[in-house]
Amino acid sequence: MVTLTLIYGKKKLRKYALKKGESLTIGRKTTNNVTIDNVAVSGTHAEVLYLDKGLLVTDLNSKNGTFVNRKKINAHWLQNYDKIGICKHTLIISNLHTQKTSKQNNASDPTLIGSNLYNDETMILDTNTQKALIEQNKTKTRIRINKKKKSLGVLIYLSGGTGKLELTNRIIKIGKSEACEIHVKGFFIGKTMATIVKRPDGYYFSYYQGFIKPKINNRPITGSVKLKAHDKIKAGSSVLEFYFK
């Protein structure tokens, strides 16, 4: 189990535990797992995913950026003791047991980055303004876990399979690998073709790998899309319909 320790300045605010297969969102909205009440932080600023091959942090189109070890990133594979910077707050990674990631893994992975997912207004700050406002809001920082109950997403086979799957896990994998929760067949299908990630405001479908791209409502998907009720997903030889229980 990975531990993420949230720090403001020199003060430790809280520790968060993350198991493999889980995700954690960070931002100003109270719907996030980690809520930071600060004008410099976007509504939903970043997300940490604990996948089979490691821990991935993704910037969710934030206005002031996400940093790892002081370098601005879009998406980045994390190592033990890496520091995720969200404005003046820092999340330090510990207890991560994984093999060293390759240079390719450390590169940005645009297929997992949200696109126009969060449109609430966030103040864009220059360096001096950002420092001043953050200092003013130092005593207003509040961290809390969101426990609000959401509707449960479900996938049902329309063709190329039978039955249905309730999306109770935070991450669902689709592909030809037997390790995938939804196993699909077809030529040039990736071992993990796509993922469905449960975020605070809904379920997001993201293309991951493979020559053949999945489709939603007959539209090829190359990035990340928020799923709506009755969306039809074509993955390889299978067609599934998404709905809420």
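Residues numbered from 1 in each chain as written. Predicted model: local features only at pLDDT ≥ 70, side-chain atom pairs only at ≥ 80, totals over all residues. Heavy atoms only, no water.

Enquirer: Please clarify how unusual backbone geometry should be interpreted in this entry.
Expert: Backbone geometry follows two general trends: most residues other than glycine have a negative phi, and most peptide bonds adopt the trans configuration. Even without a glycine there, the phi angle at Arg-70 is positive, about 75 degrees. For Arg-70, the position within the fold is in the loop between strand 7 (66–68) and strand 8 (71–73). Since its relative accessible area comes to 83%, Arg-70 is described here as exposed. (Helix = DSSP H or I, 4+ residues; strand = E, 2+ residues; numbered from the N terminus. Buried < 20%, exposed > 50% of the residue type's maximum accessible area, 1.4 Å probe, protein only.)

Enquirer: How should the packing of aromatic side chains be read in this particular structure?
Expert: Geometrically, a pair of aromatic rings is defined through the distance of the ring centres and the angle of the planes. All chains considered together, the criterion is met by 4 aromatic pairs. In textbook terms, an aromatic cluster arises when at least three aromatic residues are bridged by ring pairs, as seen for Tyr-203, Phe-242 and Phe-244. Directly above the ring of Tyr-204 sits Arg-199, whose terminal nitrogen or CZ lies 4.9 Å from the centroid. (Phe/Tyr/Trp six-rings, centres within 6.5 Å; stacked < 30°, edge-to-face > 60°. Lys NZ or Arg CZ within 6 Å of the ring centre and 35° of its normal.)

Enquirer: I'm lost on the pairing of strand 10 (residues 83–86) in this one. Help?
Expert: Regular strands place side chains that alternate from one sheet face to the opposite one. Both strand 7 and strand 10 contribute to a ladder of 2 bridges, which runs antiparallel. Looking at the pairing, Val-68 lines up with Ile-84 of strand 10. With 4 bridges joining them, strand 10 and strand 11 (residues 89–94) adopt antiparallel strand pairing. Across the sheet, the residue bridging to Gly-85 is Thr-90, located in strand 11. Hairpin connection between strand 10 and strand 11: a loop of 2 residues separates the two successive antiparallel strands, and Cys-87 in this loop has a positive phi of roughly 55 degrees. (Pairing = 2+ DSSP bridges.)

Enquirer: How should the layout of surface pockets be read in this particular structure?
Expert: Vacant regions in the atomic arrangement are exposed by a probe of water-molecule size rolled over the atoms. Here the second largest pocket defines a volume of roughly 360 Å³. Elements supplying a minimum of two residues to the lining of the second largest pocket: strand 5 (46–51) and strand 14 (171–175). In terms of residue class, the lining of the second largest pocket is made up of 6 nonpolar, 6 polar and 6 charged. (1 Å grid on protein atoms, 1.4 Å probe; cavity = no way out; pocket = protein on both sides within 12 Å on 5 of 7 lines; lining within 4 Å. Points joined across faces, edges and corners; volume = space filled by probe spheres on them. Nonpolar A, V, L, I, M, F, W, Y, C, P; charged D, E, K, R; others polar.)

Enquirer: Would you explain the nonpolar core in this entry?
Expert: Generally speaking, nonpolar side chains in soluble globular proteins are found buried as a group. In terms of nonpolar packing, the biggest core is built from 25 residues, with Leu-4, Ile-26, Val-48, Leu-55, Ile-84 and Ile-93 touching the most fellow members. Those elements giving two or more residues to this core turn out to be strand 1 (2–8), strand 2 (11–18), strand 3 (23–27), strand 5, strand 6 (54–59), strand 10 and strand 11. Those residues in contact with Leu-4, other than ones at most four positions away along the chain, are Arg-14, Lys-15, Tyr-16, Leu-18, Val-48, Leu-91, Ile-92 and Ile-93. In terms of nonpolar packing, the next biggest core, distinct from the first, is built from 22 residues, Tyr-157, Phe-205, Ile-221 and Phe-242 among them. (Core = buried A, V, L, I, M, F, W, Y, C linked by side-chain atoms within 4.5 Å. Contact = heavy atoms within 4.5 Å.)

Enquirer: Got a minute to help me understand the sheet that holds strand 19 (residues 219–220) in this structure?
Expert: Through backbone hydrogen bonds, the strands of a sheet pair up, either in parallel or in antiparallel fashion. A sheet is described by the order of its strands in space; here 6 strands give the open sequence 13-12-22-21-18-19, paired in antiparallel fashion. Whereas interior strands pair on both sides, the edge strands pair on one side only; in this sheet they are strand 13 (164–166) and strand 19. Relative to strand 21 (residues 232–235), strand 18 (residues 215–216) runs antiparallel, the two being bridged by 2 bridges. The residue bridging Lys-215 from the neighbouring strand is Lys-234, located in strand 21.

Enquirer: So what exactly am I meant to see when it comes to the sheet that holds strand 3 here?
Expert: On the basis of which strands lie adjacent, the open sheet formed by 5 strands has the order 4-3-5-6-9 and mixed pairing. Pairing within the sheet leaves two strands with one partner each, and these edge strands are strand 4 (34–35) and strand 9 (75–78). Sheet analysis places strand 3 next to strand 4, joined by 2 bridges and oriented parallel. Across the sheet, residue Gly-27 finds its bridge partner in strand 4, namely Thr-35.

Everything listed here is a matter of coordinates, which is why it stays silent on function.
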